[in-house]
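Coordinate analysis (summary)
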Amino acid sequence: MRRFTTGREAALALRPDEPVYCFRPRVLTRDVKTFLEAFPGKTAYAVKTNGEPFVVETVAQAGVSSFDVASRHEFETVKAVAPRAEQLYMHPVKAVSDIRRAFESFGIRTTVVDHPDEFEKIRLVVQALDLDPASIGLFVRLATKGHAAYELSKKFGAAPGEAVELLQRVDRAGFRAGICFHVGSQVEDIATYDAALGLAAQVRRQAGVTLHGLDIGGGFPAPYGRDPRGPDKSVPDPAALVADIGRDVARHGFDDVELVAEPGRVMVARSLSVIVRVLLRDGKRIHINDGIWGSLSDSWTGKITLPARLIPDPARRRRSGDPKRLDDFRICGVTCDSVDILSRPFWLPSTVDTGDFIEIGHIGAYSLSLRTRFNGFYPDTFVEVEHAFEDDPDGLEGFATVETWGEQPREAVAGEGS
Ligand SMILES: Cc1ncc(COP(=O)(O)O)c(C=O)c1O
């Protein structure tokens, strides 16, 4: 990968007409280490968040030795870049052939169920391979409720009564029983974890089985953009959040079991930005060369405001508007699909025009993994960048408002709301 100090430097040097991803290994390493140092249990990076081999490898080099995987392709990715790492196969509904492959070819010994028929699939594979059930950790996934940008209990998770029965079944068959939940992604209300832990404690009491593990899933929020006219916002600092959750874990009586977390977004969101180009400005609408079928579907479905920095094209000599005035621009994606319009605006100087570049920050989570080839557009160019997105020392002409972790929000560069 070519190296640059900032995304701006890359944009001006390359003048790309296709999106260019700026990967920040130093930021990724820092964010991974922050989580690892704060979390008192086993940290399994959720590969679905960003499964690019160079990302998974950097996560492993930063000290993660367990990975939450969901598919055969993810088993292979992890094995290729971190062959000695432990893999936890935490997809609740699996193909029998994949369960077999996980146990037989990848040495996986931890998985999950949320339905008796799924348990039966696993029991039969274990029997067919002549494995000792006591060598396998089998988590029962509990459905939870809470406030998150993504609520993920609509599809997966057993109701408390079903979870009690499943735990007893798992235990009777000789597996090492555990409870897991996933409260959703980009959790907005931290009390969500406390409520889920309370439910898990109730299920554990009713099941009356020996519990070997508690997996609290992912969901830890990352900082994104903010509406400059809206209230100052900050997301909880991951270290403080994890310390809070640790106290809740103890309060609900789980300090005697192995604790696991499956963070994704909180580790990788800040490690990538994407440089896009304005293909056309039409009043308050801006057409860019990326969109929801490219790198930006996470912001669309999660209604997440992304921090965006204008990098004016120096070749454009004349502009109208006030560079200090910010406007909210509606962002149209590059495909012919009329759904391809972001659900949140970008806040940009009113001078933005056709041919300019925009660096969109904090897109490391659920961007590369959700790209499609729709209409033949498939962003796939990468450069390496040294500075964090919010630390662009030359960012004077652009604008980006960024939430911070536990501090006052900062403005990467000068600008005022109109
Ligand atoms: C089971 C499970 N674990 C972990 C994650 C990672 O979540 P996040 O990126 O919000 O930390 C997900 C994502 O949806 C998931 O489904």
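Residues numbered from 1 in each chain as written. Predicted model: local features only at pLDDT ≥ 70, side-chain atom pairs only at ≥ 80, totals over all residues.

A word on the overall build of the protein
- Regarding its fold elements, the protein presents eleven helices and 24 strands.
- Over its C-alpha trace the protein gives a radius of gyration of 23 Å, about what one expects of a compact globule, namely 22 Å for 418 residues.
- Summarising its shape, the C-alpha atoms of the protein cover approximately 75 × 40 × 40 Å along the three principal directions.
- Within the protein, the proportion of its 418 residues that are buried is 51%.
- Partitioning the intrachain contacts of the protein with sequence separation of at least 6 by distance along the chain shows that 78% fall at a separation of at least 24. (Helix = DSSP H or I, 4+ residues; strand = E, 2+ residues; numbered from the N terminus. Rg over C-alpha atoms; globule rule 2.2 N^0.38 Å. Buried ≥ 20, exposed ≤ 12 C-beta atoms within 10 Å, placed from the backbone. Contact = placed C-beta atoms within 7 Å.)

Considerations on the site of the ligand
- If you check the shell around the ligand, you find 18 residues, and the closest are A46, S185, G218, G264 and R265.
- Partitioned by chemical class, the residues of the shell around the ligand number seven nonpolar, seven polar and four charged. (Near = placed C-beta within 6 Å. Nonpolar A, V, L, I, M, F, W, Y, C, P; charged D, E, K, R; others polar.)

With respect to helix α7 (residues 160-172)
- The end-to-end C-alpha distance of α7 is 18 Å, a good match for the 18 Å that 13 residues give at a rise of 1.5 Å each.
- Considered for burial, the residues of α7 that qualify are A163, V164, L166, L167, R169, V170 and D171.
- As for α7, its buried residues are in contact with β6 (110-113), α6 (116-128), β7 (137-141), β9 (176-180) and α8 (191-207).
- Backbone geometry just after α7 places G174 at a positive phi near 95°. (Expected span 1.5 Å × (residues − 1).)

Side note on unusual backbone geometry
- Here the phi dihedral of R15 falls at roughly 45°; this positive angle occurs in a residue that is not glycine.
- Relative to the helices and strands, R15 is located in the loop between α1 (7-14) and β2 (20-23).
- R15 gets classed as partly exposed once you count the C-beta atoms within 10 Å, which come to 14.
- The phi torsion at N375 lies on the positive side, around 65°, for a residue other than glycine.
- On the secondary structure map, N375 appears in the loop between β19 (357-360) and β20 (381-385).
- The class for N375 is partly exposed, based on 15 C-beta atoms found within 10 Å.

Let's talk about the confidence of the model for the protein
- Here the protein shows a mean pLDDT of 92. Residues at 70 or above account for 93%.
- Segment residues 408-418: pLDDT under 50, and 39 contacts once partners within four positions in sequence are set aside and those in other chains are kept. (pLDDT = per-residue confidence, 0-100.)

Re helix α5 (residues 96-105)
- Every buried residue belonging to α5 is among I99, A102 and F103, and all of these are buried. For α5, the arc enclosing every buried residue in end-on projection is 90°, short of the 170-degree limit, so these residues lie on one face. Exposed side chains of α5 directed beyond 90 degrees from the buried face belong to S97 and S105.
- Of the surrounding elements, those touching the buried residues of α5 are α4 (72-81), β5 (86-89), β6 and α6.
- Downstream of α5 by one or two residues, G107 has phi in the positive range, about 65°. (Arc of directions from axis to C-beta.)

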